[in-house]
Every structure is written in structure tokens, then in C-alpha cells.
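Survey of secondary and tertiary structure
Here is how the chains run, residue by residue.
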Amino acid sequence: MPFLPSRLFGIIGHPLGHSLSPLLHNWGFGHFGLPGVYMAWPVAAGRVADFMTAVRVLGIEGVSVTIPHKAAVMAFVDEVTDRARAVGAVNTLFWRGGRLCGENTDVAGFVAPLRGMGDLPGTALVVGGGGAARAAVAGLKELGLTEILMTNRTAAKAETLARDFGVGCVAWETRAERAGGLVVNATPLGMLGKNEGLSPMPTGSVGAGAVAYDLVYNPHETVFLRDAAAAGARTVTGLEMFFGQAVEQFRLWTGLELPRQEGMALLRAALYGEGDGA
Ligand code: NAP
């Protein structure tokens, strides 16, 4: 008897580019023997309303939402979770009791590796002022850190974000002076390509006692993480956040927990050619 997937999931964005989500979620369906398939749907900005009709007409069970649709889909769901409302963006569509809901699993994904750390610093500096920074600050507030500070190249954006979340703000030029706790890179600095040789923090500014958390996950070790580790800081990679947000999506869609060891190995094999991805 041929395998006929009957449960439809997928990702929308434009341009979609290369996404790891189809690999991970399709692997998850196979792992649990679920009849699900996860597609990649490049949907142009003007077609979001049509796509959301398709979700309801076709009974699409779950959707990952990426740039540029994270705010636009909010107008077409029945409910937006508190987390997604706080961040101002939805990255996941799921159904509850016949209602189509929008969630932001980047917050849970960001927090996941930090919950596993026994002695987290009490203070944090988030570098950046875009969507990833908003998810990070929402997560840090959930963790209850005593002091959360923002900084961004364009000060006005950091000030708006700080006001929205009721956190502090420091000038870009003075950020190195506030880097003694958890320091989060929520900029594309360090990412493969034109930014690869760059770090959001001056060399040596994040050292012993600090935790450097880079949301960039390709390459595996960014300049920011390499500098911080050399200066004695603990490090967390953005792949942990990516995996964590996908785990939360899969849980919302299926009630099941993607296995961490095998899932991370699959992602590392796809991204960095490590191991055999088993
Ligand atoms: P975004 O909305 O475009 O924001 C980018 C931020 O980076 C802006 O605040 C921008 O500052 C700053 N920036 C860009 N180039 C800079 C430079 N040369 N010098 C200083 N600051 C610079 O992007 P985003 O969606 O927040 O994503 C940020 C990063 O997080 C990306 O690398 C993305 O891949 C990563 N991310 C990772 C995950 C994960 O699961 N690990 C999830 C989401 C995002 P200005 O305001 O001055 O322009």
C-alpha cells in the first residue's frame, strides 16, 4: 500500500530561500510515523489573504510563517497568543478547538537553551532592534532577569523596543561597558556572506562570567562566539534557538516532542556537514 500523507503543513515566506524547516518537520513526521507532509510555499506579499483562505479551505493543520508575512497573518487568524501579541509577529499557525491561532515560537525557542543553564546571569544586553531582538526581550522578561538592556545601531529603534517592553536602553557606543551578563546578538553580524568577519561587540568585551548568545547559526562558530569563548565566556549558538522554536511548533501541531539529540544532529549535518545526520 503506498504511503499517502493526509495531514498538510508548510512554510510561507517570500522569497523563501533555503529553509531547514521542511527537513526537520518532515523528519519528525517520519520519526513518529505520522501521515504528515511539510511543504515550502513561496507566497507573495499581496497573496496572504488568499493563502489564509486556502488554510481554512484545505484544512492545512500547521504553518510556519516567515518574512515578510509575520505581521500580516495576524489579521486573518481567530486568536493571537499573548506572546505573539507582545512580539508583534506570528511565526506559527495552529488550530485549537476549531479556531485558527497565531503564536510566536521564537520566544520559546530563545528561552529553551537558557532554561537548561543552571546559573544564568541576572542581567542581559540585547544587541539589535528587529524582530529577533523583540522575541529575545520577550523571552528574557519571561525568565525574570533583574535588568534587561537594549542597544541598536539606530538608536530610535532600540528606544521604541525598550519602551514597548518596559526595559532599559544604552547607547550603541557604550554597549561594551554593559556586557558583563548575558549578551545576545540579534543582528546579522557574523552571518555567512558579507557579514561573516564581523562581530556586534568589540573584541574582549564579553569575557569570564558572561554568556554570549548568538542568534546567528551559520557559521556554527561566529566571530562573536569565538571571541567570547577565547575571553572565558560561556556560549550558546542560534541553532539551539532554531531547534527550540521548531520543537514548539511541532508540539503545537502534534502534541509530540521532537527528540533533541537526533534533531540537532540532523540540522548540524545539513548546515555544517557534521556526522551523518542520523
Ligand atoms: P531585522 O529585523 O532585519 O533586524 C536586524 C537588526 O540588526 C537591526 O536592528 C539592524 O540595525 C541590525 N543591523 C543590521 N546590520 C547591522 C550592522 N552592519 N551593524 C549594526 N547593526 C546592524 O532582523 P531579525 O529578523 O531581527 O534577525 C536578526 C538576526 O537574527 C538574523 O541574523 C537572523 O538570521 C537571526 N535570527 C535567528 C533566529 C534563530 O532561530 N536562531 C530566529 C530569528 C532571527 P538597524 O536598526 O540600525 O538597521
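The structure this text deals with has already been given above.
Attention in this report is confined to the structure presented alongside it. (Residues numbered from 1 in each chain as written. Predicted model: local features only at pLDDT ≥ 70, side-chain atom pairs only at ≥ 80, totals over all residues. Heavy atoms only, no water.)

Here's the deal with the sheet that holds strand 10 (residues 182-185)
Taken in spatial order, the 6 strands make up an open sheet running 9-8-7-10-11-12, and their pairing is parallel. Whereas interior strands pair on both sides, the edge strands pair on one side only; in this sheet they are strand 9 (168-169) and strand 12 (234-236). Across 5 bridges, strand 7 (residues 123-127) lies against strand 8 (residues 147-151) in parallel orientation. Note that in strand 8 the partner of alanine 124 across the bridge is isoleucine 148. (Pairing = 2+ DSSP bridges. Helix = DSSP H or I, 4+ residues; strand = E, 2+ residues; numbered from the N terminus.)

A word on the packing of aromatic side chains
The geometry of two aromatic rings is summed up by the distance between their centres and the angle between their planes. Taken as a whole and assessed by the stated rule, the structure comprises 8 aromatic pairs. Judged by centre distance (5.4 Å) and plane angle (45°), the rings of phenylalanine 9 and tryptophan 253 are tilted. Within this pair, whereas phenylalanine 9 is found in strand 1 (residues 7-13), its partner tryptophan 253 is found in helix 8 (residues 238-254), the two being separated by 244 residues in sequence. Note on accessibility: phenylalanine 9 and tryptophan 253 belong to one class, buried. An angle of 50° between the planes, with centres 5.6 Å apart, marks the rings of tyrosine 217 and phenylalanine 242 as tilted. (Phe/Tyr/Trp six-rings, centres within 6.5 Å; stacked < 30°, edge-to-face > 60°. Buried < 20%, exposed > 50% of the residue type's maximum accessible area, 1.4 Å probe, protein only.)

Looking at the site of the ligand
In the neighbourhood of the ligand, 21 residues make up the surrounding shell, with Gly129, Ala132, Asn152, Thr154 and Lys157 lying closest. One of the side-chain nitrogen or oxygen atoms of threonine 154 is found 2.5 Å away from an oxygen atom of the ligand. The side chain of lysine 157 places a nitrogen or oxygen atom 2.8 Å from an oxygen atom of the ligand. For the ligand, the protein covers 75% of the area, taking 930 Å² as the surface of the free molecule. (Near = heavy atom within 4 Å. Polar contact = N/O pair within 3.5 Å; in protein donor to acceptor, adjacent residues only side chain to side chain. Areas by Shrake-Rupley, 256 points an atom, 1.4 Å probe, with all protein chains shown as cover.)

Quick notes on the pattern of salt bridges
Per the stated rule, a full pass over the model turns up 12 salt bridges. The partner of arginine 234 in a salt bridge is aspartate 119, with the nearest N and O atoms 3.0 Å apart. Of this pair, arginine 234 sits in strand 12 while aspartate 119 sits in the loop between helix 4 (105-115) and strand 7, placing them 115 residues apart in sequence. Judged by its relative accessible area of 53%, aspartate 119 falls in the exposed class. (Salt bridge = Lys/Arg side-chain N within 4 Å of Asp/Glu carboxyl O.)

Some points on the pairing of strand 6 (residues 99-103)
Taken across its 5 residues, strand 6 has 4 buried, putting it largely inside the fold. Strand direction decides the pairing type here: strand 5 (residues 92-96) and strand 6, joined by 5 bridges, are antiparallel. Directly across from threonine 92, in strand 6, lies its bridge partner glutamate 103.

Regarding the pairing of strand 2 (residues 36-42)
Where strand 1 meets strand 2, 7 bridges bridge the pair, whose relative direction is parallel. Residue pairing in the sheet places leucine 8 in a bridge with valine 37 of strand 2.

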